[in-house]
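# Inside the fold
Chain residues, written in single-letter form:
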Amino acid sequence: QARVALAMLAVEHRHPLSREHLADELWPEQLPASWWTALRAIISKIRTTLAAAGAPPDLIRNAFGCYQLRLNGGWLDLDAAADALHTAQADLERHAAVSAAANATVTSMICSRTFLPGVYSPWAMRQRDRIHNMHVQARQCLADARAQMGDYARSAQAAEVVLSLEPYHEAAYQRLIRSRALAGDRMGAASVF
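Residues numbered from 1 in each chain as written. Predicted model: local features only at pLDDT ≥ 70, side-chain atom pairs only at ≥ 80, totals over all residues. Heavy atoms only, no water.

Taken together, three strands build an open sheet; the order of strands is 1-3-2 and the sheet is antiparallel. Unpaired on one side and paired on the other, strand 1 (17–18) and strand 2 (60–63) mark the two borders of the sheet. Examined bridge by bridge, strand 1 and strand 3 (residues 66–69) share two bridges and lie antiparallel to one another. Across the sheet, residue Leu17 finds its bridge partner in strand 3, namely Tyr67. (Pairing = 2+ DSSP bridges. Helix = DSSP H or I, 4+ residues; strand = E, 2+ residues; numbered from the N terminus.)

This is the structure in structure tokens:
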């Protein structure tokens, strides 16, 4: 529960989370009779663990029935992944393929890791879907960037990764067909078609 609560506070760090929202995710079946006391104990455990790791004592603040994690100059990998994806897509539009490929690779690396393995709460599942979608978009961007650079073989490889993640992704099929054909693999392009 502490792991889920910390993940929620970290991912949602831009705004406070109500006690009720946290409790609904921690106890999806039924809230315990004194859930607010149990939640307070979980947050206290997180604060103690963070303090032992050298984090400032006011990292998690609470007011008006809400908790919020303050990064205080720190950063979150999922925020970095979203920023890198946005930059990669903008770079691709400007035909800055090398930069687009680098930023798409950053997003791909971050989003390829499993988010909260073993946790199947509605919030965790929504986050997994969001991370999966960013991963697919980053891999598609990488395939398109490599095609812009004229590296059609690696573009085809990136498109194949997209299709392993999302088997019905039409843009990835189109990129795979074009890249294989431009790489000289006409039979491979025809088989994908």
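To continue, consider the layout of surface pockets. If you add up the space inside the largest pocket, you get close to 260 Å³. Along the walls of the largest pocket sit 17 residues, with Ala10, Val11, Leu76, Asp77 and Phe115 positioned nearest its centre. At the level of secondary structure, the elements contributing two or more residues to the lining of the largest pocket comprise helix 1 (2–11) and helix 4 (77–93). The element that contributes the greatest number of residues to the lining of the largest pocket is helix 1, accounting for four residues. Each residue belonging to the lining of the largest pocket can be placed in one class, and the counts come to 13 nonpolar, one polar and three charged. (1 Å grid on protein atoms, 1.4 Å probe; cavity = no way out; pocket = protein on both sides within 12 Å on 5 of 7 lines; lining within 4 Å. Points joined across faces, edges and corners; volume = space filled by probe spheres on them. Nonpolar A, V, L, I, M, F, W, Y, C, P; charged D, E, K, R; others polar.)

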